[in-house]
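# Descriptive analysis of the structure
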Amino acid sequence: MADDDLGGRVPRWALPQVPRWVSLRNSLKLVADPLGALDAIHARFGATARLYIGGVQPSVLTRDPGLVQHVLQKNHRNYAKSRFNLGFARYIGHGLLTNEGPDWLRQRRLIQPGFHRQRVAGLTGLMQEIVADTLGPLAQDATRLGGAVAVPAHALMTRLTFRIIARSVFSTSFADAELDRLAQLITELQGFYMSTIRQPYLNGWRWLRGQFRYHDARTAELRALLGRYIAQRQAASAAPGAPAPPDDLLQMLLDARYEDTGQPMAPDRVLDEALILLVAGHETSANALTWLLYLLAHHPAEAQAIQHETAEVLGNRAPTFADLPRLGRALHAVQETMRLYPPAWMVARVALADDDYQGLRIPKGTLFSLNLYGLHHDPQHWDAPAEFRPARFAADAPRPLVPFAYAPFGGGPRLCIGLQFALTEMQLVVVELLRVFDVEWPVGQPPVAKQPLITLRPRGDFQVRLRLR
Ligand code: HEM
């Protein structure tokens, strides 16, 4: 494990230092309003500054696109994920997201082809089926209720995206009740892990109360549930005369062979990677889609523009994967939503050895907090950064995008492997939803606050009213 302590080795002249007492005062603000507190630090100290997270953990906070690119891409070999990420492996295993070094690279090379455009294209039909299964009953409810139905946005999008990723990985192996149990276990474990990080001083008490043992048992339950299905799939396809197995992500993991040995992954690794896809593949998309509903409800003209374009391109039919490039407005709305509300709002890295960026000395052990939210809201790179303007992502937008000023999927070799999957999924959901419904904000509902945990979610849920068109 890299030493996270700067030990005062960054020369004072190199970077503005947020004084420890300001850090401490800010740590209270950081809990109440982390994004506001970080914005205030950038406004006062610039794009890059040293500070103490929570008043104790030295870190370099940056929203400088060049420095972010340096860490994630140009000199990525010198930067590892932080302790925080690796500790998560206790509950969700050692898949791509939590893995490091040569072993990560070997796994990434093996799995990458499974996420190529054409593989994702093959999953579009399944995504559409699940979207239709979700929207159909809502349309019936709306008809029964006189034309509109109010839905809890975050709960609806979380259920939808979990079903999409679970069925993309496991096809129809799981019954609905088992899918709900899977989702519940993952949410519970994530929540527990986050609480051990946010309030580490309570860990002794948690241990005494048996909470670690309890959550280790839930981890075992989760792995047993997945392991059973993986074993069943293997047994089914090994049986003589067995029908062709489903063309899903699990099968991709089972069929993959290491280049050097020609061997498949060990069963435990298949499980780790499948679990990571479930974990990484739904909460982020769910949050982006939730915020998109929020924005569409407040910007009906943008929703109408998507509806007009969809009608022009598709008439009355459902979209196919091949139609998606011509449905640019829906994609731009998704991209702009992730600019305003990047689901992975902060990415952390630790320097493995001394480094240098444009004359800035970076000692071994420096913990970087790459503030993607800050990048996306910096007026230096965005006109009217607080405004929802999907057209800024159009090919003919007046202002070109600065590299790494927009990085919702990270960057460099650890760029999100699910990028194409997620964009396709979100674009399809928006197009399908707006083909059936207008999205309205219920009168009198208060504005929604942001809650930046591992992902940037709304604080509590909110409702949108879906009105049949
Ligand atoms: C809106 C949706 C999504 C967003 C914003 C998002 C964002 C990200 C980001 C920022 C990273 C890099 C983290 C880092 O460098 O520390 C990442 C990695 C990853 N994402 Fe996503 N993601 C999304 C959807 C998905 C989906 C749908 C899947 C799976 C189907 C997925 C699977 C992964 C995996 C496995 C990694 C680790 C990759 C590696 O390190 O090799 N993500 N994601």
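Here is what the cut-offs are and how they apply
- Residues numbered from 1 in each chain as written.
- Predicted model: local features only at pLDDT ≥ 70, side-chain atom pairs only at ≥ 80, totals over all residues.
- Heavy atoms only, no water.
- UniProt positions renumbered as here; feature names shortened; annotations may be inferred.
- Axes fitted to C-alpha atoms, helices over the stretch in contact; angles between N-to-C directions.
- Helix = DSSP H or I, 4+ residues; strand = E, 2+ residues; numbered from the N terminus.
- Parallel < 35°, antiparallel > 145°, perpendicular 65-115°, else oblique.
- Left-handed = near helix turned anticlockwise from the far one by under 90°.
- Contact = heavy atoms within 4.5 Å.
- Nonpolar A, V, L, I, M, F, W, Y, C, P; charged D, E, K, R; others polar.
- Buried < 20%, exposed > 50% of the residue type's maximum accessible area, 1.4 Å probe, protein only.
- Pairing = 2+ DSSP bridges.
- Core = buried A, V, L, I, M, F, W, Y, C linked by side-chain atoms within 4.5 Å.
- Donors = N, O, S within 2.8 Å, 3.2 Å for Na, K, Ca; no water.
- Phe/Tyr/Trp six-rings, centres within 6.5 Å; stacked < 30°, edge-to-face > 60°.
- Lys NZ or Arg CZ within 6 Å of the ring centre and 35° of its normal.
- Near = heavy atom within 4 Å.
- Polar contact = N/O pair within 3.5 Å; in protein donor to acceptor, adjacent residues only side chain to side chain.
- Salt bridge = Lys/Arg side-chain N within 4 Å of Asp/Glu carboxyl O.

The protein chain goes by Cytochrome P450 in an unreviewed UniProt entry, where it is assigned to Hymenobacter nivis. Under the UniProt heading Cofactor (unreviewed entry), the note attached to the protein chain is "heme".

This part is about the packing of helix α8 (residues 153-170) against helix α14 (residues 283-298). Two quantities define a packed helix pair, namely the angle between the helix axes and the distance between the axes. The interhelical angle for the contact between α8 and α14, taken along N-to-C directions, is 140°, at an axis separation of 8 Å. By the criterion of interaxial angle, the relationship of α8 to α14 is oblique. Seen from above, α8 lies across α14 with right-handed handedness. Contacts between α8 and α14 involve A153, H154, M157, T158 and T161 from the former and S285, A286, N287, L289, T290 and L293 from the latter. A per-class count over the contact of α8 with α14 returns 5 nonpolar, 6 polar and no charged.

Let's shift gears to the environment of P363. By secondary structure assignment, the location of P363 is in the loop between β7 (360-362) and β8 (367-371). When its relative accessible area of 2% is taken as the criterion, P363 is described as buried.

The next thing to look at is the sheet that holds strand β2 (residues 57-62). Read from one edge to the other, the open sheet built from 5 strands follows the order β1-β2-β8-β5-β3, with strand pairing classed as mixed. Because the sheet does not close on itself, it has two edges, and the strands there are β1 (48-53) and β3 (79-80). Of the strand pairs in this sheet, β2 and β8 are connected by 3 bridges, and their pairing is parallel. Note that in β8 the partner of L61 across the bridge is S369. Where helix α2 (residues 34-45) meets the sheet, it contacts β1, β2, β5 (346-351) and β8, and its direction lies at approximately 70° from that of β2. Sheet strands touched by helix α3 (residues 65-74): β1, β2, β3, β5 and β8. Its angle to β8, the strand with the most contacts, is close to 120°.

Moving on to the nonpolar core. If you look at the biggest cluster of nonpolar residues, it comprises 118 residues, and the most contacted ones within it are L278 and V464. Contact partners of L278, with chain neighbours within four places excluded, come to F162, I165, A166, V169, F170, L182, I186 and L226. Counting 18 residues, the second-largest nonpolar core is a separate cluster that includes L67, L72, L372 and F404.

The protein supplies the iron atom of the ligand with one donor atom, C416 (SG), which lies at 2.3 Å. Secondary-structure assignment places C416 in the loop between α17 (372-376) and α18 (419-436).

Attention shifts here to the packing of aromatic side chains. All chains considered together, the criterion is met by 13 aromatic pairs. Between F192 and F212 the ring centres are 5.3 Å apart and the planes differ by 75°, which places this aromatic pair in the edge-to-face class. Of this pair, F192 sits in helix α9 (residues 176-198) while F212 is found in helix α11 (residues 211-238), placing the two residues 20 residues apart along the sequence. Residue F192 shares its accessibility class with F212, and that shared class is buried. Ring plane angle 5° and centroid distance 4.0 Å describe the contact between W291 and Y341, whose orientation is recorded as stacked. Here W291, found in helix α14, pairs with Y341, found in the loop between α16 (328-340) and β5; they are 50 residues apart in sequence, far enough to count as distant. The two residues W291 and Y341 agree in class, both being buried. Grouped by ring-pair contacts, the aromatic residues F88, Y91, F192, Y193 and F212 constitute a single cluster. Cation over ring: R218 sits above Y214, and NZ or CZ is 4.8 Å from the ring centre.

Here we come to the site of the ligand. In the region of the ligand, 27 residues are neighbours, and W104, R108, R349, R414 and C416 sit closest. At 3.2 Å, a side-chain N or O of K81 approaches an oxygen atom of the ligand. Note that an oxygen atom of the ligand is positioned 2.9 Å from one of the side-chain N or O atoms of R414. If one sorts the elements of the shell around the ligand by residue count, α18 sits on top with 3 residues. Partitioned by chemical class, the residues of the shell around the ligand number 18 nonpolar, 5 polar and 4 charged.

Before going further, it helps to spend a moment on the pattern of salt bridges. Scanning the entire structure with this criterion turns up 24 salt bridges. D176 serves as the salt-bridge partner of R163, at 3.5 Å between the closest nitrogen and oxygen. With R163 in helix α8 and D176 in helix α9, this residue pair connects regions lying 13 residues apart in the sequence. Residue class for D176 comes out partly exposed when judged on its relative accessible area of 40%. One salt bridge in this structure joins D248 and R233, with 2.7 Å as the shortest N-O distance.

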